[in-house]
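Letter by letter, the chains look like this.
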Amino acid sequence: MSDYAVSSTINDPTGGRLPRKERRAQLLAAARKVFVASGYHAAAMDDIAEQAGVSKPVLYQHFPGKLELYLALLAEQADELVARVRAAMNSTTDNRRRVYNALAAYFDYVDADGEAFRLIFESDLRNQPEVAKQMEQTARTCMSEIADLISTDT
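A quick note: this is a predicted structure, and the numbers were derived from the prediction, not measured.

Quick notes on the rules
Along every chain, residues carry numbers that run from 1 in the direction the sequence is written. Selection of residues for local features in this predicted model requires a pLDDT of at least 70, selection of side-chain atom pairs for listing and counting requires 80 or more, and totals for whole chains, interfaces and linings are taken over all residues. Excluding hydrogens and water, the side-chain values take into account all heavy atoms of the structure. As a per-residue measure, pLDDT tells how confident the predictor is, with possible values from 0 to 100. Put simply, DSSP H or I for four residues or longer makes a helix, DSSP E for two residues or longer makes a strand, and each gets a number counted from the N terminus. Should any heavy atoms of two residues lie within 4.5 Å, those residues are counted as being in contact. Throughout, nonpolar core names a set of buried Ala, Val, Leu, Ile, Met, Phe, Trp, Tyr and Cys residues whose side chains join them through atoms within 4.5 Å. Partly exposed residues are those whose accessible area sits between 20% and 50% of the maximum for their type, while under 20% is buried and over 50% is exposed, using a 1.4 Å probe and protein chains only. Note on patches: the residues involved have over 30% relative accessible area and no salt bridge, like charges join within 9 Å, and the nonpolar side chains Val, Leu, Ile, Met, Phe, Trp and Tyr join within 5 Å. Here, Shrake-Rupley sampling with a 1.4 Å probe gives the accessible areas, and only protein chains in the shown set may cover a residue. Definition used for salt bridges: Asp or Glu carboxyl oxygen within 4 Å of a side-chain nitrogen of Lys or Arg. Whether two aromatic rings pair depends on their centres lying within 6.5 Å, for rings of Phe, Tyr and Trp, where Trp uses its six-membered ring; planes under 30 degrees apart make the pair stacked, over 60 edge-to-face, and the rest tilted. Two conditions define a charge located above a ring, namely a distance within 6 Å from the ring centre to NZ of Lys or CZ of Arg, and an angle within 35 degrees of the ring normal.

Student: It is not clear to me how the confidence of the model for the chain should be interpreted in this structure. Could you clarify?
Tutor: Should pLDDT be low for a region, the predicted coordinates there are not to be read in detail. Confidence in the prediction of the chain, expressed as mean pLDDT, is 83, and 88% of residues score 70 or more. Predicted confidence in the chain is weakest over helix α6 (residues 117-121), with a mean pLDDT of 77, and strongest over helix α2 (residues 45-52), with 96. The low-confidence segment residues 1-15 (pLDDT under 50) makes 35 contacts with residues lying over four places distant or belonging to another chain.

Written as structure tokens, this is what we have:
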């Protein structure tokens, strides 16, 4: 597939099409707003396309359905949380401080603007196997990052 997304109602400031990666980021940002505000079941692909300023066909070029879009967004947020915990632990060599920093990073993520934490912690799709798996994997990764680093240095 091309590196450039097919034209939509909103183009980049220079009048050309957005590169595929930038369009995907734009769509995920719009989806995050809609899913956080409405929850999965109440969110509509029409609402997400409108929020992003694109047509539904453009949205469907990047994500074949609402579940795939939600899973991509969930993975993005899970990666963000894990990266914050990892960076917090790597900021010191004192194990007590590492645990404190990891917990602080975790709660800072929850307290951050935008309430994206709701996608991980308050999903109305918890019973959907792929969503449950991603949520469990995120929690397990955060915990094992802490345990592995501390046990290696102890």
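Student: Sorry if this is basic, but what is going on with the nonpolar core here?
Tutor: When a protein is soluble and globular, its nonpolar side chains tend to lie buried together. F35, I48, L59, L69, Y70 and V131 are the most contacted members of the largest nonpolar core, which totals 39 residues. Counting only elements with at least two residues in this core, the list comes to α1 (20-38), α2, α3 (56-62), α4 (66-89), α5 (95-111), α6 and α7 (129-153). In terms of residue count, α4 provides more of this core than any other element does, 12 residues in total.

Student: What should I look at first to understand a nonpolar patch on the surface in this one?
Tutor: Judged by side-chain polarity, V99, L103 and F107 come together as a nonpolar surface patch covering roughly 270 Å² of accessible area. Note that V99 resides in helix α5.

Student: Explain the packing of aromatic side chains to me, please; I cannot follow it from the model alone.
Tutor: Within a pair of aromatic rings, the relevant descriptors are the distance that separates the centres and the angle that separates the planes. Per the stated rule, a full pass over the model turns up four aromatic pairs. Pairing Y40 with Y70 gives two aromatic rings, centres 5.3 Å apart and planes at 75 degrees, and the pair type is edge-to-face. Taken together, the residues span a long stretch of sequence, with Y40 in the loop between α1 and α2 and Y70 in helix α4 at a distance of 30 residues. Neither residue differs from the other here; Y40 and Y70 are each classed as buried. Both rings, one in Y106 and one in F107, keep their centres 5.5 Å apart while their planes meet at 85 degrees; by these two values the pair is edge-to-face. A residue is classified by how much of its surface remains accessible, and Y106, at 26% relative accessible area, is partly exposed. F107 gets classed as exposed once you look at its relative accessible area, which sits at 53%. Ring pairing ties together the aromatic residues F35, Y40 and Y70, which thus form one cluster. Positioned above the aromatic ring of Y40 is the side chain of K66, whose terminal nitrogen or guanidinium carbon lies 4.4 Å from the ring centre.

Student: Mind showing me how you'd approach the pattern of salt bridges here?
Tutor: It is possible for side chains of opposite charge to pair when their charged atoms get near one another. Within this structure, the stated rule accounts for five salt bridges. One salt bridge in this structure joins K56 and D46, with 3.3 Å as the shortest N-O distance. Taken together, the residues K56 in helix α3 and D46 in helix α2 connect sequence positions 10 residues apart. On the basis of relative accessible area, K56 is assigned to the partly exposed category, the value being 31%. R84 is the salt-bridge partner of E80, the closest N and O atoms lying 2.7 Å from each other. Here E80 pairs with R84, and both are found in helix α4, just four residues apart, close to one helical turn.

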